[in-house]
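Structural description and commentary
Residue strings, one per chain:
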Amino acid sequence: IIDSKVSIINSNDNSNSNNNNNVIRLDTTNDITFWVNDKQYNVQNVDPTVTLNDWLRNQPGLTGTKKSCGEGGCGACAVILSYIDNSTSNYKQISINSCLRPLIAVNGCHILTVEGIGNSREGLHPIQEKLADYNGTQCGFCTPGFVVRMYNLLENNPNATQLDVEHTFDGNLCRCTGYRPILESMKTFASDAGTPKITNTHEDDCNNSNEKNKSCKKNNGGCGNCTNTKKNLSSSSNSKSNCNNIKDIEDIHCTATLKRTCETRRKIIDQQREALMIANSNNKQQQQQQQKQNKLLYSTCKSIINNDSVSTVTWVQAKDLNDLFSLLNQYSYVEPQDLKLVVGNTSRGVYKDERPQVFIDISQISQLAGWSIDNGSSVGLTTSGVLVGAITSLTELINILKTVIEQKPTYETAAFPVLIDHLEHIANYHVRNVGSLSGNLMMAHDNDNFPSDLCTIMMAMGAQIKIALSASQFGATSVENFLVTDMSNRVVAALFIPFTKSNEHVLTYKIALRSQNAHAIVNAGFRCAVDSLTNVIASQPTIVYGGVGSTTEVAQRATQTEQYLIGKSILDLNTLSMACSILEQEFNNPTTDPGRVEYRKSLVTSLFYKFYLSLLPSCPSELKSAATPYVRPLSSGIQSYSTDPTLYPVSMAVPKLEGKLQCTGEAQYIDDISATLDSLYAAPVLADIISGEIDSIDASLALAAPGVVDFVSAKDIPGINNVEANEVPPEWYEEVFASKNILYNGQAIGLIVADSYQHAQDAAKLVQVTYKNVKSGILSLEDAIAQKSFFPSLPGVTVHEPIVQGDVNKGFSQSDTVFEGQVSCGGQLYFHMEMQACIAIPEDNGGLTIYSGTQWASLIQRKMSSVLNIPQSKINILNKRVGGAYGSKITRSTQPTCQAAVAAKKLNRPVRLILDISTNIRMLGARDPFLANYKVGVTKATGKINAVSFSLYNDGGCLYDGTPGTMTQAMLTIDNTYNFANFYCEGFACRTNLPSNSYMRGPGWLPAIFFAEHVMAHTAYKCGLPTDQVQQINFYKENDVTPYGQPLPFFNIPQIWSQLKTDSDYNNRVQQIVNFNNSNRWRKRGIALTPMKYGVSWNYCLFHAMVTICTDGSVQVSHGGSEIGQGINTKVAQTAAYTLGVDLSNILICQMSTEKTPNSMATGGSVGSDLCSLATQKACQILNDRLKPIKALFPSANWKEIATKATLSGVDLQAVSWVNEYSKDVYTYNSYGASCIETEIDVLTGQTQIIRADVIQDCGTSMNPAIDLGQTEGGYVQGLGYWLSEQVIFNQDDGSMFTVGTWEYKPPSTLDIPIDFRVELLKNAPNPFGFLSSKGTGEPPMCMSCGSMFAVRNAIAAARANINLNDFFDLNGPATVEFIQQTCAVDPSQFYIKK
């Protein structure tokens, strides 16, 4: 029986098919052959659940290919897949997410990893060289993915433009750098690069080039060549190659540093291609032989199905439609949700919990591939168009449409550029390269919560879907009918896209939390034919929306509105008004999941209005920006700084020492350490209730699962079940594993230990936990305040007492204007690229060697000693580098590390625990949300604030951790740069049933500075004065004292402020923005200035350093800090070279080890680099003193000779130093800065662009301007994410986090950074209280990013002024697209089409 919605087209369309669909092929093979970096591999008995990523990392040990999100959302796992396209016989090379690609699906393919592109042994590729030279790495975990993606772009398009480069990284995330140096390094390879757009300038006192390569000591009078110059930071890397007629990626930027020359590499690539063609040809012959023998590629394994049972997983490959329908018949007993047809398998990144029993690979079915210009007969139409095979990838579809545009008349393809633009905003390059049309369509068909862009735009186009009903019978249906068609034993065969008619207009829209690689909140497509003479809508238009249905997020047509518009004039305002009214009725009840209901309802009419304006023959000038899609221009950046040659190599802009290793993927992180044969792998078992008690735990199903070794829980802990960093009584312990009480959804209950990560993670879901006394709990800061749920003060663990200066009540009484307000900002996920990671290895002395990606090794050593009941001396914590942290690995790394240690101790085997992204987020908390109530008394005429009081609240989650300290920092920072004569601030740390929140970059400082600036904006509004005037009149003056007693002897904000306003052309731009806003009704701009005072304290920050001079003069340095991307190792090495007077190349930084540098404090607070450098300097000075007699005896000896003679003379060439600095003041010094930021918003949608950002950061005399610029830019962009797109959402029913991965949580991507990004490290500003006159830069710049909120506020205010809303409005963080549009109070009654 054929569904009435599917029209039968023919029954004889497949010349290669026969009608025997019941043939079941039993002969199979499960062996595959493929190539990796030119090496052939043959794998037998392939496990279909193993991913390419797992295999690459574990078998050949190619750990440059990282695993981060495991969802295809970050790009760290990217590799290049090369293959011969069966439909065209063309060689193809595409970047893919190896974390989504099953190993079994690479049969006959070639894989190129970052190590194969270039490495330290055979030579770096120019891409890798450039990226390192431009300081495009920090933590480096994401770097290989960027290299791979850029290589693939140039391989496929050697004439790529700079815009092509900027848009190519939509699938690659970086949490550290702020993207600017990555983009600028990559743009040097663009065909239109010319002179690099990036300008790096610095001023120094030396133009003697020889001095740059050696130490220039303070005590030797400098280099003797003093002048002021400006130099390009990357001048050695900016010259273009002379290669002409580029034919291959290796023609681009040939450099002498590449050991494997361009010519040689080209030959290797050609050989690789030839080998691949031959191999694929052989493979085709083998396949043909297999077909003769009736064999299919087939493999099975035991795995977890539906999270509650163990069953067989089968992978089988169909070679043609006969095979496919035979297999469908063979597996007809399988439930539809347990059988999956796959091409790219990218849906795994969206629906991560799906566990099909049967996978049928249809990627080799030629009948489902290819494309043609079709007269419509293939789908039962009389309209011509393009017929595209179902297994065509989205990238291939884009290229097909581009080809057709060149072949057909413009009017027929008028919609294709629109479709291309929308397709390029679906997922990301890595996903689009393999994600198929049929896969996307079927995801929408099978999942009501999948807002498919493809469905929406193809429904708008009137596309038809060709369906294979059998191997020889086909039907066709519209997209809307397809969505409700029973697809059991049916297969999408092709997609037919009709050409447009001469009078048809097509536009599509996608509104998402982020500009790229983000699913739609709402998408829409419009197609309408308008008579050019009468301006009447000639026929029924097509209006489609996704994300706004009452029961589904999948595309739906607005049929009532369509019918109303027939015959209506677009010049009649009533047409617009009535259409909007009908649309509101048609989509008046969007699904409440995932929220944003009012916003989505509003977007229905806003997007229709945009399209309507585009139809007008003459659109008023002030409306054109709404009618015309915004096109982001090419970004650019300027960096400026000064150096002190007397300190060289300190103060030099030296690229990170490990930058090149990070670019080749050779830099080793925790999970890159080779596993021993007896290694086990662990996965936590998490609670799934808000609050209650454990009643029972049954792990029997899990223990019976494949590969499972044991279940570890609280009963296995030999010591104290507590990892809380603070000294607290037992009732406040943070348990390694919950023993009884459940405090939040996501709390660790136990650990499954198995023979692989996948087995452990799957089995962890089989552990059955029952609960009792389950409660609803507190899930928001507001509820905690209402219920007075505050953490009690404990000895040594308490919020700072109220800070008081003057008499606020008196100040209020003396003010002519007094007002109150409230403002808040949410949490922020750490979103580090390397998840929490550790390896616990038992030693023969009863102790453990621990590899942990931590910022505080000594804390782990101390807490693990207590948990395991063994001496600290038997625990050695090692750490070479960390793939991102931002505070998350200060205290939060302690729990997973101790979990692994308990398992390793119990089983006496090495245990590896690498959290997946969901567990990482659910279990370990985030930044504290904050709320402030304030009261202000001000003199209205001047804007001078006479009195201010604050009540601050933060959400610490369920336990103390860093919450009291974070609140204290907020209280000490709330004054920012302002002198309040009468001041009061109190703080309350709130307790909720959420994961324990902790320190995150700028903890307390970030919200406090935002609150202070909010008060300035509110004050300016009340006084009717410009905000910058109110800010300036309230500034501290030099030598003022803060309310908490901190003197400000070098307060330089007035100078920075003046320079910033001049450099940014602030006053002129303010007027330009006024003019822009007056000329544009639906796009508005705003600009804001933000000053910053950031206190840096060395108190109680203890760090060791050990320096060893070897007999050959090489130097080893060990220090107690963690390299987390901030460049601590490079700065320490520069310090050692400077102090010892040797070349920087002599210095080796060893991995951190508590055996060498014990008892150090956490690396955080922007002090680690300074203090580890100080400790290193002291150790080097000890060695210098020991070497003085040797140098005196041998004045002409070189450094190597001195080291050798000293050793022979019995001189101890190892020195240890310890830093324990203390200041009587709260802070050792203050870091200052200011920023000017300009934003532009789309009033109708809430979308935001950062037009320009100027940042001045005072870092004293920078120890390394290249690193400090990177820290400034990276911190600032991370802050932009916090304020504009990163929203943490919890399910109010069960306390689970909604934003647990890359699908729902959106940090900034490459197109979210300022279009014009200008950063200066304040020149000639030495810090007398800092190490070598420097200041820390890791955290202060992030605090200036809140200026984006106030620029957005000013833009919103301009929009509200158009509708006479001139009140002061709350703007809480983050200002997402939803918040911005809703605050603009958009309503269809405001829509108009002419003045």
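Quick note: structure is the one above.
So, a few notes on the structure that sits alongside this text. (Residues numbered from 1 in each chain as written. Predicted model: local features only at pLDDT ≥ 70, side-chain atom pairs only at ≥ 80, totals over all residues. Heavy atoms only, no water.)

Looking now at the nonpolar core. Nonpolar side chains in soluble globular proteins tend to be buried together. Tyr545, Phe608 and Leu952 are the most contacted members of the largest nonpolar core, which totals 288 residues. Ranked by residue count, the leading element in this core is helix α28 (residues 1005-1023), at eleven residues. With residues near it in sequence (within four places) discarded, Tyr545 still touches Val522, Asn523, Ala524, Phe526, Val554, Ala555, Gln556, Leu583, Phe587, Val604 and Phe608. By size, the runner-up hydrophobic cluster in this structure holds 46 residues, among which are Val386, Met461, Met487 and Ala555. (Core = buried A, V, L, I, M, F, W, Y, C linked by side-chain atoms within 4.5 Å. Buried < 20%, exposed > 50% of the residue type's maximum accessible area, 1.4 Å probe, protein only. Helix = DSSP H or I, 4+ residues; strand = E, 2+ residues; numbered from the N terminus. Contact = heavy atoms within 4.5 Å.)

The subject of this paragraph is the packing of aromatic side chains. The final tally for this structure, using the stated rule, is 46 aromatic pairs. Judged by centre distance (5.8 Å) and plane angle (55°), the ring pair of Phe608 and Tyr612 falls under tilted. Of this pair, Phe608 and Tyr612 both sit in helix α17 (residues 597-615), separated by four residues, roughly a single helical turn. What makes Phe608 buried here is its relative accessible area of 2%. Ring centres of Phe950 and Phe983 lie 6.3 Å apart, and the angle between their planes is 55°; on these two criteria the pair is classed as tilted. A residue pair is termed long-range when its members are at least 10 positions apart, and Phe950 in strand β36 (residues 944-955) and Phe983 in strand β37 (residues 982-990) qualify at 33 residues. Here Phe950 falls in the buried class, since its relative accessible area comes to 1%. Among the aromatic residues, those joined into a cluster by ring pairs are Tyr509, Phe526, Tyr545, Phe587, Phe608, Phe611 and Tyr612. Over the face of the ring belonging to Phe1194 we find Lys1205, whose NZ or CZ atom lies 4.5 Å from the ring centre. Across the ring face of Phe1369, the terminal group of Arg1353 is positioned such that the distance to the ring centre comes to 4.5 Å. (Phe/Tyr/Trp six-rings, centres within 6.5 Å; stacked < 30°, edge-to-face > 60°. Lys NZ or Arg CZ within 6 Å of the ring centre and 35° of its normal.)

Another aspect to go through is the sheet that holds strand β19 (residues 522-529). Strands sit in the order β18-β19-β20-β21 across an open sheet of four strands; the sheet is antiparallel. This sheet does not close on itself; its edge strands, each paired only once, are β18 (504-511) and β21 (556-557). Of the strand pairs in this sheet, β19 and strand β20 (residues 542-546) are connected by five bridges, and their pairing is antiparallel. By the bridge assignment for β20, Gly525 is matched with Val544. Of the strands in this sheet, β18 and β19 touch helix α10 (residues 416-423), which is tilted by about 10° from β18. α17 contacts β18, β19 and β20 of the sheet and is inclined by roughly 150° relative to β18. (Pairing = 2+ DSSP bridges. Axes fitted to C-alpha atoms, helices over the stretch in contact; angles between N-to-C directions.)

Here Asn1077 lies in helix α31 (residues 1066-1079). Within the structure, the side chain of Asn1077 is placed 2.7 Å from the backbone nitrogen of Arg1085, a separation counted as a polar contact. Contacts of Asn1077, omitting those with residues within four sequence positions, involve Arg1083, Lys1084, Arg1085 and Ala1358. (Polar contact = N/O pair within 3.5 Å; in protein donor to acceptor, adjacent residues only side chain to side chain.)

This paragraph deals with unusual backbone geometry. Backbone phi values are negative for most residues with the exception of glycine, while trans is the configuration of most peptide bonds. For the bond running from Tyr648 to Pro649, omega is 10°, close enough to zero to count as cis. In this structure, the amide linkage connecting Gly1373 to the following residue, Pro1374, adopts the cis form with an omega of 0°. Take Pro1374: it is sitting in the loop between α37 (1347-1361) and α38 (1377-1383). Even without being glycine, Arg596 reaches a positive phi, approximately 55°. Here Arg596 shows up in the loop between α16 (573-586) and α17. With a phi angle near 50°, Leu1332 is a residue other than glycine that sits in the positive phi range. Within the secondary structure layout, Leu1332 lies in the loop between β46 (1316-1321) and α36 (1340-1344).

To continue, consider helix α30 (residues 1053-1063). When we look at burial in α30, the residues that qualify are Ile1053, Ile1056, Trp1057, Leu1060 and Lys1061. Taken around the axis of α30, the buried residues stretch over an arc of 130°, which confines them to a single face. Tucked inside the fold, the buried residues of α30 contact α29 (1027-1033), α31, β38 (1083-1096), β44 (1229-1242) and β45 (1248-1257). (Arc of directions from axis to C-beta.)

A complete count under the given rule lists 53 salt bridges for this structure. Put simply, Arg355 and Asp762 hold a salt bridge, and the shortest N to O gap is 3.2 Å. Of this pair, Arg355 sits in the loop between β11 (339-342) and β12 (358-361) while Asp762 sits in helix α21 (residues 757-764), and the two are 407 residues apart along the sequence. The class of Arg355 is buried, set by a relative accessible area of 17%. Residue Asp762 is classed as buried on the basis of its relative accessible area, which comes to 3%. Of the charged contacts, one joins Lys1335 and Asp1258 as a salt bridge, the two residues approaching to 2.7 Å between their closest N and O atoms. Separated by 77 residues along the polypeptide, Lys1335 in the loop between β46 and α36 and Asp1258 in the loop between β45 and α35 (1265-1284) bring together distant segments of the chain. When salt bridges that share partners are traced, they join Lys610, Arg1069, Arg1083, Arg1085, Glu1238, Glu1240, Asp1242, Arg1252 and Asp1254 into one network. (Salt bridge = Lys/Arg side-chain N within 4 Å of Asp/Glu carboxyl O.)

This part takes up the pairing of β37. Working note: regular strand, side chains alternate between the two faces of the sheet. As paired elements, strand β29 (residues 803-805) and β37 share three bridges and run antiparallel to each other. If you follow Gln805 over to β37, its bridge partner there is Phe983. In this structure, β36 lies alongside β37, joined through nine bridges in parallel fashion. Bridge assignment links Asp955 to a residue of β37, and that residue is Cys990.

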